[in-house]
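Spelled out from the first residue to the last, the chains are:
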Amino acid sequence: MSKPCPNRISQCIQEVVELVYRLIERIAILVLCPHIVPEFPDQIDGVLGDIEFPPLHPLELELEFVTLDRGILVTGNDIESRILDVSYGFRLCTIRIDLHPVAHSILLEILDDVPVLHVGLVCPLPHPKDLLSWICNHLHPGSWIIGETNVLSFSMPNALADGFTWETIKTMNFGLDSRFFNDDLGVTFDIYRRINDGMVVGGSEVPSTFGTSAPYENAAQLTTNGWELGIDYHHRFSNGLNLTVSANLADALTIVTKHPRKTSSVIDGSNYEGKVIGEIWGFTTDRLFQEDDFNADGTLVDGIATQEYFEKSSGYGYKYGPGDVKYKDLDGNGEITWGDKTVDNHGDWSRIGNTTPRYEYNFKIGLDWKGVDLNIFLQGVGSRQYWATGTMMIPGWNFSEGTYYAHQTDYWTPENTDAFYARLAETNQPSQYSAAGFNYLCQTRYLLDMSYLRLKNITVGYSLPSKVLKKMKFQKFRVYFSAENVCEIDHLGDLPIDPETETSAGDGGAMGFGRIYPFTRQLSCGLQISL
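Residues numbered from 1 in each chain as written. Predicted model: local features only at pLDDT ≥ 70, side-chain atom pairs only at ≥ 80, totals over all residues. Heavy atoms only, no water.

Trainee: Now, about a nonpolar patch on the surface: what can you tell me, with residues and values included?
Mentor: Where nonpolar side chains cluster on the molecular surface, the patch consists of Val372, Tyr462, Val479, Leu527, Ile529 and Leu531 and spans about 560 Å² of accessible area. Its location among the elements puts Leu527 in strand β23 (residues 522-530). (Patch = residues over 30% accessible without salt bridge, like charges linked within 9 Å, V, L, I, M, F, W, Y side chains within 5 Å. Areas by Shrake-Rupley, 256 points an atom, 1.4 Å probe, with all protein chains shown as cover. Salt bridge = Lys/Arg side-chain N within 4 Å of Asp/Glu carboxyl O. Helix = DSSP H or I, 4+ residues; strand = E, 2+ residues; numbered from the N terminus.)

Trainee: So what about the environment of Leu176? Which residues, and what values?
Mentor: Relative to the elements of secondary structure, Leu176 occurs in strand β9 (residues 168-180). Linking Leu176 and Phe189, residues 13 residues apart in sequence, is a C-alpha distance of 5.0 Å.

Trainee: If you had to explain the confidence of the model for the protein to someone new, which residues and values would you point to?
Mentor: Of all residues in the protein, 65% attain a pLDDT of 70 or more, and the chain-wide mean is 76. Of all helices and strands in the protein, the one with the weakest mean pLDDT is strand β6 (residues 118-123) (33), whereas strand β18 (residues 372-383) scores best (97). Long-range and interchain partners of residues 31-100, a stretch whose pLDDT sits below 50, account for 161 contacts in this model, where long-range means more than four residues apart. Throughout residues 113-126 the model reports pLDDT below 50, and contacts reaching past four residues in sequence, or to other chains, amount to 31 contacts. (pLDDT = per-residue confidence, 0-100. Contact = heavy atoms within 4.5 Å.)

Trainee: Go over the nonpolar core, please, and point to the residues and values.
Mentor: One finds Phe283, Tyr320, Met393, Tyr446, Leu448, Ile497 and Phe513 to be the most contacted residues of the largest nonpolar core, which totals 43 residues. Those elements giving two or more residues to this core turn out to be β13 (279-282) and β15 (325-327). Those residues in contact with Ile497, other than ones at most four positions away along the chain, are Met392, Met393, Leu448, Leu492, Phe513 and Gly514. (Core = buried A, V, L, I, M, F, W, Y, C linked by side-chain atoms within 4.5 Å. Buried < 20%, exposed > 50% of the residue type's maximum accessible area, 1.4 Å probe, protein only.)

Trainee: I'd like to hear about the packing of aromatic side chains, residue by residue, with values.
Mentor: Applying the stated rule across the entire model yields 17 aromatic pairs. For the pair Phe283 and Phe310, a centre-to-centre distance of 5.7 Å together with 90 degrees between the ring planes defines the contact as edge-to-face. Taken together, the residues Phe283 in the loop between β13 and β14 (285-288) and Phe310 in helix α4 (residues 308-314) connect sequence positions 27 residues apart. For Phe283, a relative accessible area of 0% translates into the label buried. Seen from their ring centres, Tyr320 and Phe438 are 6.4 Å apart, and the 75 degrees between their planes marks the pair as edge-to-face. Here the residue Tyr320 occupies a position in the loop between α4 and β15, and Phe438 occupies one in the loop between β19 (385-386) and β20 (448-449), the gap between them amounting to 118 residues. With respect to class, Tyr320 is no different from Phe438; both count as buried. A network of ring pairs unites the aromatic residues Phe283, Tyr309, Phe310, Tyr327, Trp338 and Trp349 as a single cluster. (Phe/Tyr/Trp six-rings, centres within 6.5 Å; stacked < 30°, edge-to-face > 60°.)

Trainee: Talk me through the pattern of salt bridges; I want residue IDs and the actual numbers.
Mentor: Summed over all chains, the structure comprises 14 salt bridges. Between Lys326 and Asp286 there is a salt bridge; the shortest N-O distance is 2.7 Å. A residue pair is termed long-range when its members are at least 10 positions apart, and Lys326 in strand β15 and Asp286 in strand β14 qualify at 40 residues. Residue Lys326 is classed as buried on the basis of its relative accessible area, which comes to 11%. The shortest N-O distance in the salt bridge between Glu308 and Lys312 comes to 3.8 Å. One end of the pair is Glu308 and the other is Lys312, both in helix α4 and four residues apart, which spans about a single turn. Under the relative-accessibility criterion, Glu308 is labelled partly exposed at 32%.

Trainee: Outline the sheet that holds strand β22 (residues 476-490), supporting the account with residue identities and numerical values.
Mentor: Taken in spatial order, the nine strands of this open sheet run β9-β10-β11-β12-β17-β18-β21-β22-β23, and their pairing is antiparallel. With one partner strand each, in any of the chains shown, β9 and β23 form the two edges of the open sheet. Direction aside, the axes of adjacent strands within the sheet are offset by 10 degrees on average. Here strand β12 (residues 242-258) runs beside strand β17 (residues 358-369); their pairing, made up of nine bridges, is antiparallel. By the bridge assignment, Ser246 is partnered in β17 with Lys364. (Pairing = 2+ DSSP bridges. Axes fitted to C-alpha atoms, helices over the stretch in contact; angles between N-to-C directions.)

Trainee: I'd love a proper account of unusual backbone geometry, names of residues and values included.
Mentor: In the Ramachandran plot, Lys473 falls in the positive-phi region, its phi being about 60 degrees despite a non-glycine side chain. Mapping Lys473 onto the fold places it in the loop between α5 (466-472) and β22. Judged by its relative accessible area of 69%, Lys473 falls in the exposed class. Despite not being glycine, Asn485 has its phi angle at roughly 50 degrees, a positive value.

Trainee: Go over the pairing of β9 with me, naming the residues and quoting the values.
Mentor: Sheet faces and side chains relate simply in a regular strand, where the side chains alternate between the two faces. Relative to strand β10 (residues 185-202), β9 runs antiparallel, the two being bridged by 13 bridges. By the bridge assignment for β10, Thr171 is matched with Arg194. In sequence, β9 turns back onto β10 through a hairpin of four residues, with Phe181 there showing a positive phi of about 55 degrees.

Trainee: So what's going on with the environment of Gly437? Residues and values would help.
Mentor: Within the secondary structure, Gly437 is located in the loop between β19 and β20. Gly437 sits in the buried class, given a relative accessible area of 3%. Distance in space between the C-alpha atoms of Gly437 and Glu311 is 10.0 Å, their sequence separation being 126 residues.

Dropping the structure here:
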């Protein structure tokens, strides 16, 4: 028997290594860059046979285990081929292994008494980049133990949609840049529109009988309309005073202009067509209930809308009484509800604010005269609201703690009927959209107004005149004093928080809003010398 040629064996090994490398490369590209179609040679001809790399196109997973069939391995003098397809989500490669007729006859004798076996598995799979999470979610240890083995179980995978692509961004703007009075006064104005089209979101609404959530698809559009205005003035007066003043004002509003969810969708944080990004839905507060709002048996007097919807929905047995929050009956049906929490039926809900900073502005003033310089910087936000949660914002957030901050002591009592906060109650305050919120359902009374104006920096300095500098052989000698975060004007009352506080920050996350290291006021002085 002749021995295999060493060169042929070496070439086989090289081809196997190259095949493995190309498979890994294609899988990596599909996972990391699913929208890029890599360039590969259509076919590699070698000792093992022909290895074909077809164009990538979406396929379902197909695992096919087939024994060698005499219908495939036809005896004869020609070299026969065996085809093996390797696919996952995309067809990765096709390998044709060439077999010598002698090998055919040997395999036929071995498999003569073995029945042909054909096992196939076809199921919808996620995109390759989601493979790991898909496996974790759908292939996991089950609750059935057979013998001593905890067998794997398989759950229903998510539905998938074909045709994913990159979103497109279109921007259109109009600008004006002008100067007047010998270039002393400048005005710049820019108005723009930015459209994000084809955003990947959950698809069209599906009935509950569908069995899983709607597949993701390029079906949403986000439109931002904004403008910016800038004014600056520079002038040197005859007495040597140099004045520089600038002001900037900007605003932008972003709306979901296209979405599979229409007006029938929920509005407690979900996206839908027509949603204003950052919007806050809540109740309009009327006042606090007083004792004369109730009859002797505890029922409300005629003409006052009932709030028993939340008494029944919570399951806590809570009853509204004097000192509790009274909400306005905006739809006039005599009952305070939030309907179905949908745009079509939102009951007494309305848009009461927006978390997005609006009308952001700043001012800069610079003066220098005979070596003395003064620079002032102010900044602020014209409109911004936030519904805060946690013990800092809501008295008795966890009533079992029995702890209240100093700014929360103005609560209702029979002797303090004009209080800001509702009466103390033994109810923990849950999330923003829970019916068990009772007195602290999202509403206008306790909605934070985060607009502000802040004196961000003020710097005063003095520089020696040039005649003195020449004698001292200095180019510059300046002494200065600076203050940061000097003061601010806001609408937070006695709440001990800063209006620039990040809404997601706090000790304990959103529940600890406001409990952060405070903004510091800094004073500094220094000396600048240039030789």
